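Residue-level structure breakdown
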Amino acid sequence: MDNEQFNQHLNEMVTMASGIEGHLTVREIRFLATLPFLTGEGEILEIGSFMGRSTTILAKSAIRAMRARIHACDPLLPSDTVPKFTSDEKLPDLFHRHIRQHDVAGIVEFHQVKSSELAKSWNLPLRILWIDGDHSYKGAMVDFEGFQEYLKPGAVVCIHDVIHEFEGPTRVLIEKILLSASFGDCGICGSIGWGQYIGDRAPTGKQWSEKISLSRKLSRLVPHLVSVANGLPSNRLRYKIDRARIPHSEPNLFRWLEERIRATIGNR
Ligand SMILES: C[S@@+](CC[C@H](N)C(=O)[O-])C[C@H]1O[C@@H](n2cnc3c(N)ncnc32)[C@H](O)[C@@H]1O
């Protein structure tokens, strides 16, 4: 696959995803569709599948990247962590219908349980950990901590909604990824915060200063997010101004991903 075909694949993923209800933007879809092409040992695990939008994107890309399977985890039960939807169909039926309709059911290993339950029996190395489940602080922390020991050096952790009004994703990105010396390159694409796990290798000075700079900007949102989560008053205008100052565009991320992909993509 050359770069043009690769770009075409990302565009196809955007078109395909528009047929499944969900909250991913175009740049987020392109970002997710890129991830399975990252090479190296380990599984792809999604936490929070809803109707299968990101599941299908990851699975379709995994097929193009010649990966054997992806894992997806979601109890798919009515709860306040499930986005509102209008369909009369039940959520599990919608999820399974969508993955069948897009011919990926065969490579999606679905775990219909909470992430904390799956973590109890999980024992596989991870290459991609995509967190889009319970957005509370406790919930997002459980998702990260339940699986962090399985990250292989080079693995990428991605968390959705880091610049939306949810406490968990933002704080976990700051506390566990940006302020951790075990993560190197990091960034935000749309509202997906991501970081590359580097294990015992220290981040470079440039990586560290970029991580600190991003964590400073993101930290300004935290008092507002904690206030909202606890039903306390907060200055929404201040939050919006601080949020607008957070870099979250696509180009740097894609350059980063492409550099790592280009070396191997010709062989696929
Ligand atoms: C924002 S939606 C996920 C959206 C999905 N990634 C997409 O692309 O459309 C959040 C989902 O997380 C699931 N969820 C909530 N708590 C969870 C948990 N502890 N473990 C796994 N999934 C959870 C909910 O059932 C819900 O379907």
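Before going into details, it helps to say that this report is about the structure given with it. Because the structure is a prediction, the values reported are computed rather than measured. (Residues numbered from 1 in each chain as written. Predicted model: local features only at pLDDT ≥ 70, side-chain atom pairs only at ≥ 80, totals over all residues. Heavy atoms only, no water.)

What follows is about the overall build of the protein. Broken down by element type, the protein carries 11 helices and seven strands. The globule rule puts the C-alpha radius of gyration for 268 residues at 18 Å, and the 18 Å found for the protein is close to it. Expressed along its principal axes, the backbone C-alpha trace of the protein runs to roughly 45 × 45 × 35 Å. Per-residue burial for the protein yields a buried fraction of 52% across its 268 residues. Intrachain contacts of the protein at a sequence separation of at least 6 include 77% that bridge at least 24 residues. (Helix = DSSP H or I, 4+ residues; strand = E, 2+ residues; numbered from the N terminus. Rg over C-alpha atoms; globule rule 2.2 N^0.38 Å. Buried < 20%, exposed > 50% of the residue type's maximum accessible area, 1.4 Å probe, protein only. Contact = heavy atoms within 4.5 Å.)

Moving on, we get to the site of the ligand. As a structural note, the neighbourhood of the ligand is formed by 19 residues, with G48, S54, D74, S115 and D132 the closest of them. Here a nitrogen atom of the ligand sits 2.9 Å away from a polar atom, N or O, in the main chain of G48. Here a nitrogen atom of the ligand sits 2.8 Å away from a polar atom, N or O, in the side chain of D132. Expressed as a share of its isolated accessible area of 600 Å², the protein-covered part of the ligand is 94%. Here the ligand occupies the largest pocket. Along the lines of polarity and charge, the residues of the shell around the ligand split into seven nonpolar, seven polar and five charged. (Near = heavy atom within 4 Å. Polar contact = N/O pair within 3.5 Å; in protein donor to acceptor, adjacent residues only side chain to side chain. Areas by Shrake-Rupley, 256 points an atom, 1.4 Å probe, with all protein chains shown as cover. 1 Å grid on protein atoms, 1.4 Å probe; cavity = no way out; pocket = protein on both sides within 12 Å on 5 of 7 lines; lining within 4 Å. Sits in = over half its atoms within 2 Å of the grid points. Nonpolar A, V, L, I, M, F, W, Y, C, P; charged D, E, K, R; others polar.)

Further remarks concern the sheet that holds strand β7 (residues 192-197). Judged by pairing direction, the sheet is mixed, and its seven strands sit side by side in the order β3-β2-β1-β4-β5-β7-β6 without closing on themselves. In the strand order of this sheet, the two ends are held by β3 (108-111) and β6 (183-189), each with one partner. On average, adjacent strands in this sheet sit at an angle of 15 degrees to one another, irrespective of strand direction. Bridge count between β6 and β7: five bridges; the pairing is antiparallel. For I188, the partnering residue across the bridge sits in β7 and is G193. (Pairing = 2+ DSSP bridges. Axes fitted to C-alpha atoms, helices over the stretch in contact; angles between N-to-C directions.)

Our focus in this paragraph is the packing of aromatic side chains. Scanning the model with the defined rule gives seven aromatic pairs in all. Ring geometry for F31 versus W194: centroids 6.4 Å apart, planes at 45 degrees, classification tilted. Highlighted residues: F31 in helix α2 (residues 26-34) and W194 in strand β7, separated in sequence by 163 residues. Here W194 falls in the buried class, since its relative accessible area comes to 4%. Within the aromatic cluster, the residues linked to one another by ring pairs are F144, F183 and Y197. Directly above the aromatic system of Y137 lies the positively charged group of R171, at a separation of 3.7 Å from the ring centroid. (Phe/Tyr/Trp six-rings, centres within 6.5 Å; stacked < 30°, edge-to-face > 60°. Lys NZ or Arg CZ within 6 Å of the ring centre and 35° of its normal.)

Overall, the coordinates contain zero disulfides when judged by the stated rule. Free cysteine: C73, not disulfide-bonded; nearest cysteine sulfur from C158 at 16 Å. Here C158 is not disulfide-linked; the sulfur of C189 is the nearest cysteine sulfur, at 9.6 Å. Among the residues examined, C158 registers a relative accessible area of 0% and is labelled buried. (Disulfide = S-S within 2.5 Å.)

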